[in-house]
Amino acid sequence: MLFSQNFDEIHCTIRLLTALAPRVTWFAMNKLCFHHLSIAVDDLERARQFYTDVLEMQELDRPEGFGHPGIWYQIGDGQPQLHILVRPEATLRRDKWIDLADIHFALRVQSYRDTVSWLDSKGFRGDLPEADFRKMQLRPKSPAGYPQIYILDPDRNIIEFNCATLD
């Protein structure tokens, strides 16, 4: 009886490892990494002004042939990219304000205070009316465990800055 139980456990373990083997091998050979995020906008030039001049992102060359206007930006020093698209059938947030549970993307920065100051120099403030897309939502003591700042782009896409430090 004891031998039979051990044999059954060993057999189940072997079946599990056999089932996982192709997956483990695939992940070992094909490391996953984040490549890009696409967002929709109404006005491409207004978006270009915001992401180039306000957020100071680096515009990338975008290949021809997509069938819709767009801009690509590099995010930080690595591979991730932001793809901005103009498409009439795209989902836009239009007149909505910041909803922390809504779809958004986050950019990691070092200092909460320096980022608030930098955004303030770009016209963003916490005391603006909610109808103004430049109103910041500040969360220095976020339940996430790190300080957060939320802003909107002119098309009301939500952008989070999550900060490594409060200083």
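Residues numbered from 1 in each chain as written. Predicted model: local features only at pLDDT ≥ 70, side-chain atom pairs only at ≥ 80, totals over all residues. Heavy atoms only, no water.

(A) Highlighting unusual backbone geometry. The backbone of E56 shows a phi angle near 60°, a positive value even though the residue is not glycine. Note on placement: E56 falls in the loop between α2 (44-54) and β2 (58-60). Positive phi, close to 70°, is recorded for R156, a residue that is not glycine. For R156, the position within the fold is in the loop between β7 (148-152) and β8 (158-165). (Helix = DSSP H or I, 4+ residues; strand = E, 2+ residues; numbered from the N terminus.)

(B) Here's a closer look at the sheet that holds β7. Across the sheet, four strands lie side by side as β5-β8-β7-β6; this open sheet has mixed pairing. The two strands at the open ends of the sheet, each matched to only one other strand, are β5 (104-111) and β6 (137-139). Sheet twist, expressed as the average angle between the axes of neighbouring strands with direction ignored, equals 20°. Note that β7 and β8 share five bridges and pair antiparallel. Bridge pairing in β8 links I151 to I159. (Pairing = 2+ DSSP bridges. Axes fitted to C-alpha atoms, helices over the stretch in contact; angles between N-to-C directions.)

(C) Examining the pairing of β8 more closely. Of all eight residues in β8, six are buried; the element is thus mostly enclosed. Bridge count for β5 against β8 is seven bridges, and the pairing is parallel. Each bridged residue has a counterpart across the sheet, and for H104 the counterpart in β8 is I158. Where β7 folds back onto β8 in an antiparallel hairpin, the turn is made up of five residues, including R156, whose phi is positive at roughly 70°. (Buried < 20%, exposed > 50% of the residue type's maximum accessible area, 1.4 Å probe, protein only.)

(D) Representation of the pattern of salt bridges within the structure. Evaluated as defined, the whole model comprises seven salt bridges. R48 is the partner of E59 in a salt bridge, and the nearest nitrogen-oxygen pair spans 2.9 Å. Of the two residues, E59 sits in strand β2 while R48 sits in helix α2, which places them 11 residues apart along the sequence. Taking the relative accessible area as the measure of exposure, E59 reaches 36% and is therefore partly exposed. For R48, a relative accessible area of 24% corresponds to the partly exposed category. The residue R125 makes a salt bridge to D127 at a minimum N-O spacing of 2.8 Å. Of the residues examined, R125 reaches a relative accessible area of 37% and is grouped as partly exposed. (Salt bridge = Lys/Arg side-chain N within 4 Å of Asp/Glu carboxyl O.)

The values reported here are purely geometric and, on their own, carry no functional implication.
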